[in-house]
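Coordinates in review
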Amino acid sequence: MEVIHTTAWMKQIARDARAKDRVLGLVPTMGALHEGHLSLVREAQKKCSPVVVSIFVNPKQFGPSEDFNKYPRTMDADRAALENLRVEYLFAPPPEEIYPHGFRTAVIVDGLGDRLEGRSRPGHFRGVTTVVLKLFEIVQPRLAFFGRKDAQQARIIRQMTSDLNLDTEIEICPIVREPDGLAFSSRNRYLSNTERRAATALYRALGSLRSEVIAGERDSARLVASMRRVMDAEPGVAIDYAEIVDADTFEPVMSLRKTCYALVAARIGSTRLIDNALIEQSGESFCVTL
Ligand code: AMP
């Protein structure tokens, strides 16, 4: 695996690959790689060659009181995991390569990011879209792979790609979970043993929603109440939000229809975690995918 630190060299390598008609795939990450990230890499390898994985802890997507400084950085282990998967290129630029002195531009997708994560983390999505557009410009991948774990982020990136006529197709991959249901996250490593057990409340809340949907419940308020009950019952879990929204607009829905997301965010101690379930209509019934 070649490790690339400069945008100039990354651009050169990507240009060469495109000149040979190779199908470039990009997996953007902030490192501290886990099975969720690796599933994106495997999916990319099924459809693309070469695959570029980027590791960049993007300062612009962290608020002033968030965990940028203590965000886990595990480059040696990340590198070994990617080498093990036979990834061809790791793009790991230092911050000044992406944001040189005097950098002033931002990418803003209106509307979709005002609520949920956008409300709890002002400026977050502006940071995400800015860095993702930069990565797309540097690598110009045919396909880029994102996780449904960050469903609102994936929706916003799709919108940006379409609005700006980018030649990159966005693939959204399923959520990978620990055996007890907790979604893999780089932030899980902040959790103490007690907090780690409490953290499964997010998954259990979504499981409770699924049971209610299977039993025929369609009313959003009652489904949200059921998710809240599960999380409220777990000491040490402080709910940030629990909502059911339309998968296209990310606006709340009164009752289930077409395709929706049930989204939850909660603080466990000082760690903030998110999770979601995809709810899809099939005929008269609804299918809930955790
Ligand atoms: P991050 O390093 O947290 O910025 O995540 C990089 C990519 O991995 C994003 O597209 C995330 O949605 C995706 N991702 C993170 N956790 C998971 C997971 N448990 N399952 C699937 N994809 C994930």
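It should be noted that the structure appears before, not after, this text.
Structure report, in brief. (Residues numbered from 1 in each chain as written. Predicted model: local features only at pLDDT ≥ 70, side-chain atom pairs only at ≥ 80, totals over all residues. Heavy atoms only, no water.)

Notes on the environment of aspartate 163
- Relative to the elements of secondary structure, aspartate 163 occurs in helix 7 (residues 151–163).
- Distance in space between the C-alpha atoms of aspartate 163 and methionine 227 is 35 Å, their sequence separation being 64 residues. (Helix = DSSP H or I, 4+ residues; strand = E, 2+ residues; numbered from the N terminus.)

Re the packing of aromatic side chains
- Evaluated as defined, the whole model comprises six aromatic pairs.
- Consider the rings of phenylalanine 56 and tyrosine 99, whose centres lie 6.1 Å apart with planes at 50°: the pair is tilted. Highlighted residues: phenylalanine 56 in the loop between strand 3 (51–55) and helix 3 (75–84) and tyrosine 99 in the loop between helix 4 (95–98) and helix 5 (117–120), separated in sequence by 43 residues. There is no split in this pair, since phenylalanine 56 and tyrosine 99 are both buried.
- Site record: aromatic cluster; members linked through ring pairs are Phe56, Tyr99 and Phe103.
- Positioned over the ring face of tyrosine 190 is lysine 70, at 4.2 Å from the centre of the ring.
- Against the face of phenylalanine 68 rests arginine 73, its NZ or CZ located 4.8 Å from the ring centre. (Phe/Tyr/Trp six-rings, centres within 6.5 Å; stacked < 30°, edge-to-face > 60°. Buried < 20%, exposed > 50% of the residue type's maximum accessible area, 1.4 Å probe, protein only. Lys NZ or Arg CZ within 6 Å of the ring centre and 35° of its normal.)

Some words on empty space enclosed by the protein
- Per the counting criterion, the structure on display carries one cavity of 30 Å³ or more.
- In this structure, the largest cavity occupies an estimated 60 Å³ of space.
- Every residue lining the largest cavity is listed: Lys149, Leu182, Ala183, Ser185, Asn188, Ala199, Leu202, Tyr203, Leu273, Ile274 and Asp275.
- Listed by contribution, the elements that provide at least two residues to the lining of the largest cavity are helix 9 (200–214) and strand 9 (271–282).
- At three residues, the largest contribution of residues to the lining of the largest cavity is made by strand 9.
- The residue inventory of the lining of the largest cavity, partitioned by class, reads seven nonpolar, two polar and two charged. (1 Å grid on protein atoms, 1.4 Å probe; cavity = no way out; pocket = protein on both sides within 12 Å on 5 of 7 lines; lining within 4 Å. Points joined across faces, edges and corners; volume = space filled by probe spheres on them. Nonpolar A, V, L, I, M, F, W, Y, C, P; charged D, E, K, R; others polar.)

So, the site of the ligand
- Taken together, 16 residues form the shell around the ligand, and within it His37, Gly147, Asp150, Val176 and Phe184 come nearest.
- Within the contact set of the ligand, an oxygen atom lies 2.9 Å away from a backbone nitrogen or oxygen of glycine 147.
- Within the backbone of phenylalanine 184, an N or O atom sits 2.9 Å from a nitrogen atom of the ligand.
- Looking at the shell around the ligand, the elements with two or more residues in it are strand 2 (25–29), helix 2 (35–47) and strand 5 (143–147).
- In terms of residue count, helix 2 provides more of the shell around the ligand than any other element does, three residues in total. (Near = heavy atom within 4 Å. Polar contact = N/O pair within 3.5 Å; in protein donor to acceptor, adjacent residues only side chain to side chain.)

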